[in-house]
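Residues per chain are reported as follows:
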Amino acid sequence: MLLRNGSVTDVDGSRVADVRVGADGTIAAVGPALAASPGEVEVDVTGRLVVPGGVDVHTHFHLPVGQVRVSDDFLSGTIAAAIGGTTTIVDYVTAYRGEDPLAALATWRRWAEPAVVDYGLHMTFTEAVPERVIADCVEAGVTSFKLYMAYPQLLQVDDDVILDVMRAATRHGGLVTLHCENGGAIEALRRQALAAGRTGVLEHAATRPAVLEAQAVTRAAALAEAADASVYLVHLSSAPALAAVREAAERGVDVLAETCPQYLYLDTQRLAGPDGESFVCTPPLRDPWHAEELWEGMARGTIHTVATDHCPFTVDDRRAGTHDRPGGWADFTEIPGGLPGVETRLGLVWEGVSAGRITVADWVRLCAEAPAREFGLWPAKGNLRPGADADVVVWDPAREQSLDADALHMHTDHSPYAGMHVHGWPELVLSRGRVVARDGRFVGEPATGRYRPRLPRSR
Ligand code: MN
């Protein structure tokens, strides 16, 4: 296939050029006025952008959460991803306490088989692990390790475990990703709220204040500095947390930060509405001024990636809650948390380009290039150089797309962006040279995505 005359934008800049997709599913050539080969399909993409497929390094498909389950599996979730222009996802495996991490990895590998775009997996540890497990994960292509500083009952680990895993991961070319919130302090605030009879949805945000996110970011950066390790902070949500990243980066700590579209577009007041429970996510939605700071952090490079933390539920499952109670959840601690987003990320971040907050180059870097580089998918993903996988998005900046639930393909009946339109959407999406989405419709086949072992980092 030959994509003619598009505005090609990737790590090598922006230029009007042709892109040749080779029969082997890789980029064969990029340049002006390429000569057509016999039998080659030519597609005129004048006036559209041609960019590397999106890389979403934070998804949760198929995941059980208490008595309910995330409403997208790897098939529906990757179909939605493809339609929205994301051609690689990295999902989080969790090894719960007492579980064998490699057995958990095998479970997720099985769940992921129906995927329609390429995928990798991160590993979450919820307790100390022998270094051999980290080496085995890296050997299996899992080169990033998530640890939680919150959720003491289920997930949280102490600083000694964080520092041990940082050291061991670094020795094997792995990267630690951290959920930064002070879990102990939040537990106290939650207990106090429940004891005082404050059980409503807004308490979810009130008991997880930004200052406890910022304090955990500072602690995470200190641990990385002491371990001589890099660290990647997932779903940064607030201005104080961003300030803590900047402060650590300025003294030379290699702190990589991710944010998500929900923190750029949605605010705490959503939790007060009639469908407030459908806006529960962690960290919680903040007041609107935080978003202004996050956009600026994206433009300045303090924030490196935009991922989604895609973790959708249906309205019924949300109301039912994580505990099996007649009438549904009894208080805010029983509402399953997480938002849909894998389909809408590129469109929502593109709105920031239209608004002049970030550049087209920033958009490509935040959504494709940087996540590919930081998570061992480069140079196969995140760029359009010859030899890279032909994961290509033809982006139509003139296409208006509704973000109502029934206009999207994620398997949920609630859209946090209902009523909103974005102005820019994929016209054509290729995964390793195969057309998987065209004009907002999935046209691929199940189980054509491949597991991508990720490369160790070199320092
Ligand atoms: Mn997550």
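A quick note: this is a predicted structure, and the numbers were derived from the prediction, not measured.

Here's the deal with the overall build of the protein
If you tally the helices and strands in the protein, you get 13 helices and 19 strands. For the protein, whose C-alpha radius of gyration is 21 Å, the value lies close to the compact-globule estimate of 23 Å for 459 residues. In terms of its C-alpha atoms, the protein occupies a principal-axis envelope of roughly 75 × 50 × 40 Å. Residues classed as buried in the protein amount to 61% of the 459 residues present.

Things to note about the pattern of salt bridges
For the structure shown, the criterion picks out 28 salt bridges. Of the charged contacts in the structure, one is a salt bridge between Arg385 and Asp12, with a shortest N-O distance of 2.8 Å. Remark: Asp12 occurs in the loop between strand E1 (2-10) and strand E2 (13-21) and Arg385 occurs in the loop between helix H13 (360-374) and strand E16 (392-402); sequence separation between them is 373 residues. According to the relative accessible area criterion, Asp12 is partly exposed, its value standing at 40%. Notably, a salt bridge pairs Arg208 with Glu181, separated by 2.8 Å at the nearest N-O pair. With Arg208 in the loop between helix H6 (202-206) and helix H7 (210-227) and Glu181 in the loop between strand E12 (175-179) and helix H5 (183-195), this residue pair connects regions lying 27 residues apart in the sequence. No difference in accessibility class separates Arg208 from Glu181, as the two residues are buried. If you follow the salt bridges from partner to partner, you end up with Asp118, Lys381, Asp389, Asp391, Arg432 and Arg452 in one network.

Some remarks on unusual backbone geometry
Pro283 follows Thr282 through a cis peptide bond whose omega is -5°. In this structure, Pro283 sits in the loop between helix H9 (261-265) and helix H10 (288-300). Of note, the bond from Trp378 into Pro379 is cis; its omega dihedral lies within 30 degrees of zero at 5°. Looking at the secondary structure, you find Pro379 in the loop between H13 and E16. The residue Ala33 is not glycine, and still its phi comes out positive at about 50°. For Ala33, the location among the structural elements is in the loop between strand E3 (27-31) and strand E4 (42-44).

A look at the side chain of Ser415
Of note, Ser415 is situated in the loop between E16 and strand E17 (421-431). A polar contact of 2.5 Å, which involves the side chain of Ser415, links it to the backbone oxygen of Leu403. For Ser415, the contacting residues outside a window of four places in its chain are Leu403, Asp404, Ala405 and Leu408.

Overview of the packing of helix H12 (residues 345-354) against H13
Relative orientation of the contacting elements H12 and H13 amounts to 150°, with a least axis distance of 9 Å. Relative to H13, the element H12 lies roughly antiparallel. Like other packed secondary-structure pairs, H12 and H13 cross with a definite hand, here right-handed. Here H12 contributes Arg345, Leu346, Val349, Trp350 and Val353 to the contact with H13, which in turn contributes Val360, Trp363 and Cys367.

A closer look at the domain arrangement of the protein
Per the domain assignment, the segments of the protein are domain 1 (2-51 + 382-442) and domain 2 (52-362). Summarising the inter-unit geometry, the C-alpha centres of domain 1 and domain 2 are found 28 Å apart. Note on domain 1 versus domain 2: buried area summed over both sides is about 3,200 Å², and carbon and sulfur give 67% of it. The largest per-residue losses of area from domain 1 upon contact with domain 2 belong to Met410, His414 and Tyr417, which jointly make up 21% of the total buried on that side. Taken together, domain 1 and domain 2 are joined by one salt bridge. Put simply, Asp118 and Arg432 hold a salt bridge, and the shortest N to O gap is 2.7 Å.

Digging into the environment of Val392
Among the structural elements, Val392 can be located in strand E16. Residues Val392 and Tyr151, 241 residues apart in the sequence, show an inter-C-alpha distance of 38 Å. Dropping the residues within four chain positions of it, Val392 is found in contact with Leu3, Ile27, Val50, Val51, Gly53, Leu384, Leu428, Val429 and Leu430.

Comments concerning the packing of aromatic side chains
Throughout the structure, instances matching the rule amount to 11 aromatic pairs. Arranged with centres 4.7 Å apart and planes meeting at 80°, the rings of Tyr232 and Phe375 form a pair that is edge-to-face. With Tyr232 in strand E13 (residues 231-233) and Phe375 in the loop between H13 and E16, this residue pair connects regions lying 143 residues apart in the sequence. Accessibility expressed as a relative area gives 0% for Tyr232, which makes it buried. An angle of 85° between the planes, with centres 6.0 Å apart, marks the rings of Tyr265 and Trp295 as edge-to-face. Residue Tyr265 is found in helix H9, and its partner Trp295 is found in helix H10; the two are separated by 30 residues along the sequence. Since its relative accessible area comes to 24%, Tyr265 is described here as partly exposed.

Calculation rules
- Residues numbered from 1 in each chain as written.
- Predicted model: local features only at pLDDT ≥ 70, side-chain atom pairs only at ≥ 80, totals over all residues.
- Heavy atoms only, no water.
- Helix = DSSP H or I, 4+ residues; strand = E, 2+ residues; numbered from the N terminus.
- Rg over C-alpha atoms; globule rule 2.2 N^0.38 Å.
- Buried < 20%, exposed > 50% of the residue type's maximum accessible area, 1.4 Å probe, protein only.
- Salt bridge = Lys/Arg side-chain N within 4 Å of Asp/Glu carboxyl O.
- Polar contact = N/O pair within 3.5 Å; in protein donor to acceptor, adjacent residues only side chain to side chain.
- Contact = heavy atoms within 4.5 Å.
- Axes fitted to C-alpha atoms, helices over the stretch in contact; angles between N-to-C directions.
- Parallel < 35°, antiparallel > 145°, perpendicular 65-115°, else oblique.
- Left-handed = near helix turned anticlockwise from the far one by under 90°.
- Domains from an automatic or database assignment.
- Buried area = accessible area lost by both parts, 1.4 Å probe.
- Phe/Tyr/Trp six-rings, centres within 6.5 Å; stacked < 30°, edge-to-face > 60°.

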